[in-house]
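Now for the letters of each chain:
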Amino acid sequence: MRVLMIFRAEIYSPNCVEKDRKILETVGNELLKYGADVSYVREDLLKDDADADVIFSMGRSSHIIEWLDRKEDEGRKVINSSLGMRNSKRSIVERIMRENAIPTAPLEGNYGYWLKRGDGAARQKEDVLFAENKAERDNILAVFRERGISDVVVTAHVKGDLIKFYGVADTPFFRCFYPTDDGDSKFGDENRNGTAAHHCFDRALLKENAGRLASMVGLQVYGGDCIVRNDGTFAIIDFNDWPSFSRCRHDAAKAIASLAGL
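Residues numbered from 1 in each chain as written. Predicted model: local features only at pLDDT ≥ 70, side-chain atom pairs only at ≥ 80, totals over all residues. Heavy atoms only, no water.

> Which residues make up the pattern of salt bridges, and what values do they have?
By the definition in use, this model includes 25 salt bridges. One salt bridge in this structure joins Arg95 and Glu99, with 3.2 Å as the shortest N-O distance. You can see Arg95 and its partner Glu99 sitting in helix α4 (residues 90-99), four residues apart, about one turn around the helix. A relative accessible area of 42% means that Arg95 is categorised as partly exposed. Because the salt bridges share partners, they merge into one network encompassing Arg8, Asp20, Arg60 and Asp241. (Salt bridge = Lys/Arg side-chain N within 4 Å of Asp/Glu carboxyl O. Helix = DSSP H or I, 4+ residues; strand = E, 2+ residues; numbered from the N terminus. Buried < 20%, exposed > 50% of the residue type's maximum accessible area, 1.4 Å probe, protein only.)

> Give a detailed account of the packing of α4 against helix α7 (residues 203-217), specifying residues and quantitative values.
Helices that pack against each other are described as a pair by the angle of their axes relative to one another and the distance between those axes. Orientation of α4 relative to α7, taken along the N-to-C sense of each, is 120 degrees, at an axis distance of 10 Å. Judged by the angle between their axes, α4 and α7 are oblique. At the point where α4 passes α7, the crossing takes the right-handed sense. Contacts between α4 and α7 involve Val93, Ile96 and Met97 on the former and, on the latter, Leu213, Met216 and Val217. (Axes fitted to C-alpha atoms, helices over the stretch in contact; angles between N-to-C directions. Parallel < 35°, antiparallel > 145°, perpendicular 65-115°, else oblique. Left-handed = near helix turned anticlockwise from the far one by under 90°. Contact = heavy atoms within 4.5 Å.)

> Please provide a residue-by-residue account of the packing of helix α1 (residues 17-33) against helix α8 (residues 249-258), values included.
The N-to-C vectors of α1 and α8 enclose an angle of 55 degrees; their axes lie 8 Å apart at closest approach. Of the possible angle classes, the one that applies to α1 and α8 is oblique. Of the two elements, α1 crosses α8, and the hand of that crossing is right-handed. On the side of α1, the interface is formed by Lys19, Lys22, Ile23, Thr26, Val27, Glu30 and Leu31, while α8 contributes Arg249, His250, Ala252, Ala253, Lys254, Ile256 and Ala257.

> Explain empty space enclosed by the protein to me, and be specific about the residues and the numbers.
For the coordinates displayed, the defined rule picks out three cavities of 30 Å³ or more. As for the second largest cavity, its lining consists of 13 residues, and the residues nearest its centre are Arg90, Val93, Asp238, Phe239 and Asn240. For the lining of the second largest cavity, the element with the highest residue contribution is strand β11 (residues 234-241), accounting for five residues. Residues of the lining of the second largest cavity, tallied by class, amount to five nonpolar, three polar and five charged. (1 Å grid on protein atoms, 1.4 Å probe; cavity = no way out; pocket = protein on both sides within 12 Å on 5 of 7 lines; lining within 4 Å. Points joined across faces, edges and corners; volume = space filled by probe spheres on them. Nonpolar A, V, L, I, M, F, W, Y, C, P; charged D, E, K, R; others polar.)

> Which residues make up the sheet that holds strand β6 (residues 128-131), and what values go with them?
Strands belonging to one sheet form pairs held by backbone hydrogen bonds; the direction of such a pair is parallel or antiparallel. One open sheet holds the three strands; their spatial order is β6-β5-β7, and the pairing between them is antiparallel. Two strands lie at the open edges of the sheet, namely β6 and β7 (152-156), each paired on one side alone. Looking at each pair of strands side by side, their axes are set apart by 20 degrees on average, direction ignored. Across five bridges, strand β5 (residues 113-117) lies against β7 in antiparallel orientation. Looking across to β7, one finds that Tyr113 is bridged to Ala156. (Pairing = 2+ DSSP bridges.)

Dropping the structure here:
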């Protein structure tokens, strides 16, 4: 079986280029154990005539999504799906959560606001900004517009423990981690919530909601951020296609490789 692994372009991997590369390579190494013929290419170097029986793609460009569309039409197995990638825009995920009662951050609150570009995942630190109050929120909105970004998601800050979660659809794999426990951070925004107090919460309920959201978005490989309040309730504040799984890479790779059906 021919398997093509598509690396994410560096512009879509801010401060995570090496971590993103490693998870895809680790998945590839698992597939080699099953006798797969594995090859790799970066999304911005992919040629239109490339082909394989199974395609694992971390790519996010519109060109890649259109190419994956064609491959799916030709009967190829694609992970993540082109539909899932189209739906992974932050503003679309936000709408899906609110329309389907997935616990998420409120629109108004007393502890400040988060403003995030809604047309895709963050490419630089300035794509996710915190405002102390409504006046600062409105000023930051204006800055986004000056940058040519009109699609902006605005939510109220939620106090509590920040948790990173990772999942793989159609497998038992689901992991949760507290980033302040190990200090691993992309932009340092996790520090806004302070050191985790490890409030008790229902992990099975978080897994259920994350899995339900992944199914509605159309993602097989996913991850996100969640805030657990001191009363045990939680709010999913971020949801992404194919994170780096750096805290659980080898276990995740086995689960992801199983999606090939070898």
